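# Coordinates in review
So you can see what is in the structure, the chains are spelled out below.
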Amino acid sequence: MQSLADESVVVIGAGVGGLSTACYLADAGADVHVIEKNEQLGGRASRLEEDGFRFDMGPSWYLMPDVFERFFADFDRTPSDYYELTHLDPHYRIFFKDDDAVDITPDLERTKRVFENYEDGAGEALERYLDKSRENYEVGMKHFVYEDRTQLRDYLTLDVARQARGLSLLGSMQGHVENYFEHPKLQQIMQYTLVFLGGSPTNTPALYNLMSHVDFNLGVWYPEGGIGAVIDALVDLGRELGVTYDTNRPATAIKGREGAFLVDTPQGPLRPDLVVSNGDYAHTEQELLPPESRGHDADYWESRTYAPSAFLLYLGVEGDVDELAHHTLVLPTNWEDHFEQIFDDPAWPDEPAYYCCVPSETDDTVAPDGHSALFVLVPIAPGLEDTPEIRQEYRDQILVDIATNTGTDLRDRIVFEEQFCIEDFASRYNSYDGTALGLAHTLRQTALFRPPHRSKEVDGLYFVGGDTTPGIGMPMCLISGELTAETVLEDYGQPAGQ
Ligand SMILES: Cc1cc2nc3c(=O)[nH]c(=O)nc-3n(C[C@H](O)[C@H](O)[C@H](O)COP(=O)(O)OP(=O)(O)OC[C@H]3O[C@@H](n4cnc5c(N)ncnc54)[C@H](O)[C@@H]3O)c2cc1C
């Protein structure tokens, strides 16, 4: 076990990656101080609480429980030391916009029958598909997610080549799914998880079929108290390990180098030995670092493929919304146009595919008696014009769409409403063009093609979070925290006791 005793570290940003790496670094003996520009910790996993309603503003799907187990086990704890989990049944409901609906439940035999109803042989094809995605998950997590391979030569060893051989690495998800299912609705069911990765079926590598193992086999869970309870757990764990936190304290510049950093903040400068930035990578490089310290120029950031932004409506409504499950997807039968309007020809989607989250279906503490709390999320292209008038018009369109396609008319019973969109992502999280998730997982932006954890230009400067490896999503950002801490330990760790 290595130790980082005597090193002081400032972590800029309290997203999942920042909170995770703070725990690992403090556990290794460093003196860790997290500064966060916003009024609360959690980053994109912020909470909105008003008028008796409580919303998780960002993540709402607790996936990959194994990753959370492993994270807490690294500190001799379990998630249940901090929060309890409920296995959701159904995992989610899908309303197709042609009067058809399906529930995907934890019962695989039942799901196979649902698939068989759409296409002869699809039940058995689902089983084969899931076998493959389980295998990809196991190999992928062990050899490519938990191990940070930062250079091409790391992939060229015999052992890695052997592990990679069985993975369907290349080709698109669209092609991969078509090998198993012909029915467009079944293809959609197998592909919707790509939205978690910020991609589309045509620009996401087939490797990510492992997401179906996550969804169908590992299941969809709800932490008691919502995702906010997971953030509280990370913060509490950090406190137990000695991490200190400052909210409302933005970093405005990073100067200097290892041993002699100066991090400017409105409350005065901090002078740590090492700095880890959890702010979006482009923001850190372009707005906090001087030009000679940046690993990438403006053209690089402009040429990246960004994950969608989102139009979000947080709604408190009178009465129940029983037609909707805790997680509900509403999908047009042809969703290519929506993906085109995100990635190829940016525009507010005419016929959107969207997601409704109704935590009050599971948790009666999130809304006052007799009320429901829900949010609606429409993925949209980052950088679109986002004015109050456009939002209002779109909000009206979405409420009509929900009434038409799910039978839930919310319009006359909304008692609390707040919107969040492109401009808010940019101003609240310093995100590039208002992307909700950061760099998409296209082939050119996967694994070693994502920007590195270790700055090449500035000794002692590191990066963590969704823009780095392994990538987007709370579980991946937890792992990113571990990988960043391992990188710091490689550079500055000493055998314990020294
Ligand atoms: C709407 C939405 C839905 C999502 N749904 C899911 C889901 O269901 N399941 C899932 O697993 N994931 C989901 N995600 C993705 C997941 O939330 C993110 O991938 C993850 O939380 C990002 O963590 P991060 O470590 O990259 O940090 P971030 O959350 O990006 O946090 C970075 C922090 O740095 C702060 N910061 C930036 N600049 C500065 C500065 N100069 N000084 C100080 N602080 C600064 C920001 O304010 C922010 O708090 C969703 C995300 C969104 C937005």
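Residues numbered from 1 in each chain as written. Predicted model: local features only at pLDDT ≥ 70, side-chain atom pairs only at ≥ 80, totals over all residues. Heavy atoms only, no water.

## Focus on the overall build of the protein
Broken down by element type, the protein carries 16 helices and 20 strands. Relative to the globule expectation of 23 Å for 498 residues, the C-alpha radius of gyration of the protein, 22 Å, shows essentially globular dimensions. In terms of overall dimensions, the protein has C-alpha extents of about 65 × 55 × 45 Å along its principal axes. Considering the protein as a whole, with its 498 residues, one finds that 60% of them fall into the buried category. Considering only residue pairs separated by 6 or more positions, the protein has 73% of its internal contacts joining residues 24 or more positions apart. Seen as two clouds, the 36 positive and the 88 negative side-chain charges of the protein have centres 5 Å apart. (Helix = DSSP H or I, 4+ residues; strand = E, 2+ residues; numbered from the N terminus. Rg over C-alpha atoms; globule rule 2.2 N^0.38 Å. Buried < 20%, exposed > 50% of the residue type's maximum accessible area, 1.4 Å probe, protein only. Contact = heavy atoms within 4.5 Å. Lys, Arg positive; Asp, Glu negative; His and termini not counted. Charge placed at Lys NZ, Arg CZ, Asp CG, Glu CD.)

## Some thoughts on helix H7 (residues 184-191)
The element H7 is extensively covered by neighbouring structure, given that 7 of its 8 residues are classed as buried. Taken as a whole, H7 has its buried residues at Lys185, Leu186, Gln187, Gln188, Ile189, Met190 and Gln191.

## Comments concerning the site of the ligand
For the ligand, the set of nearby residues contains 37 residues, the closest of which are Gly17, Glu36, Arg44, Trp61 and Gly466. One of the side-chain nitrogen or oxygen atoms of asparagine 38 is found 3.1 Å away from an oxygen atom of the ligand. Between an oxygen atom of the ligand and a main-chain N or O atom of tryptophan 61, the distance comes to 2.8 Å. For the ligand, whose unbound accessible area comes to 1,000 Å², protein coverage reaches 95%. Contributing elements (two or more residues each) for the shell around the ligand: helix H1 (16-27), helix H11 (281-288), helix H15 (422-429) and helix H16 (474-492). Split into classes, the residues belonging to the shell around the ligand amount to 18 nonpolar, 14 polar and 5 charged. The residues that make up the shell around the ligand include at least three from each of domain 1 (4-84 + 224-304 + 439-491) and domain 3 (306-429). (Near = heavy atom within 4 Å. Polar contact = N/O pair within 3.5 Å; in protein donor to acceptor, adjacent residues only side chain to side chain. Areas by Shrake-Rupley, 256 points an atom, 1.4 Å probe, with all protein chains shown as cover. Nonpolar A, V, L, I, M, F, W, Y, C, P; charged D, E, K, R; others polar. Domains from an automatic or database assignment.)

## Re the environment of glutamine 188
Relative to the elements of secondary structure, glutamine 188 occurs in helix H7. Judged by relative accessible area, which is 3%, glutamine 188 ranks as buried. Here the alpha-carbon distance between glutamine 188 and leucine 478, two residues 290 residues apart in the chain, equals 28 Å. In this structure, glutamine 188 is in contact with Phe96, Leu331, Pro332, Thr333 and Trp335, ignoring residues within four places of it in sequence.

## Quick notes on the domain arrangement of the protein
Domain boundaries in the protein define domain 1 (4-84 + 224-304 + 439-491), domain 2 (108-218) and domain 3 (306-429). For domain 1 versus domain 3, the distance between C-alpha centres works out to 28 Å. Contacts between domain 1 and domain 3 engage 27 residues on the former and 27 residues on the latter. Buried surface at the junction of domain 1 and domain 3, summed over both partners, amounts to about 2,300 Å²; 59% is from carbon and sulfur atoms. Its largest share of buried area at the contact with domain 3, domain 1 owes to Phe53, Phe55 and Met57, together 29% of the area lost on that side. Scanning the region where domain 1 abuts domain 3 turns up 2 salt bridges. Of the charged contacts in the structure, one is a salt bridge between arginine 428 and glutamate 39, with a shortest N-O distance of 3.1 Å. (Buried area = accessible area lost by both parts, 1.4 Å probe. Salt bridge = Lys/Arg side-chain N within 4 Å of Asp/Glu carboxyl O.)

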